[in-house]
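Spelled out from the first residue to the last, the chains are:
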Amino acid sequence: MDNESQQEPILKLTNIHKSFGGVHALAGVNFELRPGEIHGLVGENGAGKSTLVKTITGVHQIDAGEMFFNGEPVTISNPSVAQNLGIAAIYQEASLFPDLDIAENIFMGRQPVRGPIRTMAWREMYKLAAEPLEALGMDLDPRSRVRGLTIAQLQMVEVAKALSANARVLIMDEPTSALTLHEVADLFRIVRQLRDAGTSIIFITHRLDEVFELADRVTVLRDGHYVGTHGVKDVSRDELIRMMVGRTLDDLFPKMEVEQGEVILRVEGLTRVGMFEDVSFELHRGEILGMAGLVGAMRTDVAKAIFGVEPAESGTIHVDGQEAKIENPNDAMSVGIAYVPEDRQQHGLVLPLNLTSNISLPILQRFAKSGWIDQAAETQDAREQATQMDVRAAGLWQRARELSGGNQQKLVLAKWLGTRPRILILDEPTRGIDVGTKAAVHELMSHLASEGLAILMISSELPEILGMSDRILVMCEGRLTGNFARDEATQETIMAAATARILEHVIDAA
């Protein structure tokens, strides 16, 4: 055994468990971070990466397991405990105060003071703030307001903040997702510089090429479970993909074989500058067309453009062979398109309203008579839709916020199926719901497809994509990079297509 493998971990987590309302976010997770190493942490969406980070930083408290820091058992009961240990985290969204200057942000909560009345030592603070900025090679004035800084500069301020607090463990959560190639190269230089100075870094990314370029070791999580840890030199990209997605398909995916009809939706050259470009595909009656991709692939943005929430700037949408001018959701609904959004609570439901009001919201005009709502007809329609979707509630009067996550999802489906669509866009249709409800939603999808409904299903869960799709599109960084028939698609081919453009950028940069 070499000296490196004999190092005592600075951070060690053993058999960590964390549940939220019966959902096991972490189930027996192990993790070790050595002094002065860059440790990649990877896994699909929902694998447990963010929950693990929040237990390390004290945002969440573990239900079971042990945590050690420098060989000593610790209880990280809140973020202050983590900070005192020397643990800092940098998230995708910067947690800085935009109207304060850089120095104030760096020393927030621990500003230097002087004198018996403890007045702010401004000159000392600006001098101290300049030191980590200079060490990082950043030409930033500590007196500058944070508002107006680029994303890369905001991240560097976060790093400077961690350095000024003498952070020994630095967690970076998807730090490159919004950076240019040049900015990524600068970030990597700084990360290596920190490692060489003895800082231990947990680097979370969905871009596997970054793992192989930057990390010393990599740990894989899957469905909240620990899969394994390997030296980056000892594992291949394909092996890492198999570790991330190695699940079997079972009766969770009751896919029916349906004879597909003619093309009902044709999208050609759909483009929204800075978001997605030249997206073209066809959707047939009776088809479930899966759309896969990683975080930042812009799948939801394409769906919003088709439904008119955020219209595309160029390209065309044809429904039944006729070009459809879709500038808002009413235009989309008028040609038979319905959209079940990813966030059911923020965008799918009006939580203070009852079941009837939520279900009838998109179709109120159907019950309007001489300026009045026919409440009896509205209630009867809502009852039929809720019964068809098996929404479990105390009654139609119950508020949406009082339902379980699974029943809220059924309610959103009931709401949009009530518009009698011909094309249904489902964005993450089973995210955050229990296994039984997932199977019920999948069974409904198969049934709807068998009746001729065309479904575009966006999902980050590869088993769901493989189990329910007749055909699979793959997006990466706003472009379509794969189109697979059901019998051609595998977890490995989809993941390869989902990282194709990322790999191209790395090769071009080299």
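See the structure above.
Definitions and limits used
- Sequence order as written defines the numbering, with residues in each chain counted from 1.
- For a predicted model such as this one, the threshold for reporting local features is a pLDDT of at least 70, and the threshold for listing and counting side-chain atom pairs is 80 or more; totals across whole chains, interfaces and linings nevertheless cover every residue.
- Neither water nor hydrogens contribute to the side-chain values; these are computed over all heavy atoms in the structure.
- One speaks of a salt bridge when a side-chain nitrogen belonging to Lys or Arg is within 4 Å of a carboxyl oxygen belonging to Asp or Glu.
- A run of DSSP states H or I qualifies as a helix once it reaches four residues; a run of E qualifies as a strand once it reaches two. Both are numbered from the N-terminal end.
- Burial classes follow relative accessibility: with a 1.4 Å probe on protein chains only, a residue under 20% of its type's maximum area counts as buried, one over 50% as exposed, and anything between as partly exposed.
- Think of a nonpolar core as a cluster: buried Ala, Val, Leu, Ile, Met, Phe, Trp, Tyr and Cys residues, connected wherever their side-chain atoms sit within 4.5 Å.
- Residues count as neighbours in contact if any of their non-hydrogen atoms are within 4.5 Å of one another.
- Two strands pair under a simple rule: DSSP has to find at least two bridges between them.
- For helices, the fitted axis covers only the stretch in contact; all axes are lines through C-alpha atoms, and the angles between them, taken along N-to-C directions, range from 0 to 180 degrees.

Q: I'm lost on the pattern of salt bridges in this one. Help?
A: For the structure on display, the rule yields 19 salt bridges. The partner of arginine 285 in a salt bridge is aspartate 320, and the shortest N-O contact between them spans 2.7 Å. Note that arginine 285 is positioned in the loop between strand 14 (276-284) and strand 15 (288-293) and aspartate 320 in the loop between strand 16 (314-319) and strand 17 (322-323), a separation of 35 residues in sequence. Taking the relative accessible area as the measure of exposure, arginine 285 reaches 21% and is therefore partly exposed. Two residues, aspartate 320 and arginine 422, come together in a salt bridge whose shortest N-O distance is 2.2 Å. Taken as a pair, aspartate 320 in the loop between strand 16 and strand 17 and arginine 422 in the loop between helix 14 (405-417) and strand 21 (423-427) lie far apart in primary sequence, 102 residues in all. Residues joined in a network through salt bridges with shared partners are Glu262, Arg285, Asp320 and Arg422.

Q: What is the right way to read the nonpolar core from this model?
A: For soluble globular proteins, nonpolar side chains are generally found buried alongside one another. Residues Phe281 and Ile306 are the most contacted members of the largest nonpolar core, which totals 122 residues. With residues up to four places along the chain from it excluded, the contact list for isoleucine 306 reads Val267, Leu270, Phe281, Ile317, Ile326, Ala332, Ile337, Ile425 and Leu456. The next biggest cluster of nonpolar side chains, apart from the first, holds 24 residues, and it includes Leu26, Leu41, Ile87 and Ile171.

Q: Just to check I follow, could you spell out the sheet that holds strand 21 for this structure?
A: In a beta sheet, neighbouring strands are held together by backbone hydrogen bonds and run either parallel or antiparallel to one another. On the basis of which strands lie adjacent, the open sheet formed by six strands has the order 18-21-22-15-23-24 and mixed pairing. Both edges of this open sheet fall to strand 18 (337-340) and strand 24 (479-485), since each of them pairs with a single strand only. Mean inter-strand twist for the sheet, computed between neighbouring axes without regard to direction, equals 20 degrees. On top of the sheet, helix 9 (residues 299-307) reaches strand 15, strand 18, strand 21, strand 22 (454-458) and strand 23 (471-476); it is set at about 145 degrees to strand 18, its chief contact.

Q: Looking at this structure, how should I read unusual backbone geometry?
A: Backbone phi values are negative for most residues with the exception of glycine, while trans is the configuration of most peptide bonds. Even without a glycine there, the phi angle at asparagine 15 is positive, about 55 degrees. For asparagine 15, a relative accessible area of 40% gives the class partly exposed. A positive phi angle is found at methionine 298, which is not glycine, with a value near 75 degrees. Looking at the secondary structure, you find methionine 298 in the loop between strand 15 and helix 9. Methionine 298 gets classed as partly exposed once you look at its relative accessible area, which sits at 24%.

Q: Looking at this model, I keep getting lost on the sheet that holds strand 1 (residues 11-20). Mind explaining?
A: Strand order in the open sheet formed by four strands is 2-1-4-5, and the pairing between neighbours is antiparallel. Two strands close off the open sheet at either side, each with one partner strand: strand 2 (23-33) and strand 5 (72-73). Of the pairings in the sheet, the one linking strand 1 to strand 4 (residues 64-69) comprises five bridges and is antiparallel in character. Residue pairing in the sheet places leucine 11 in a bridge with phenylalanine 69 of strand 4.

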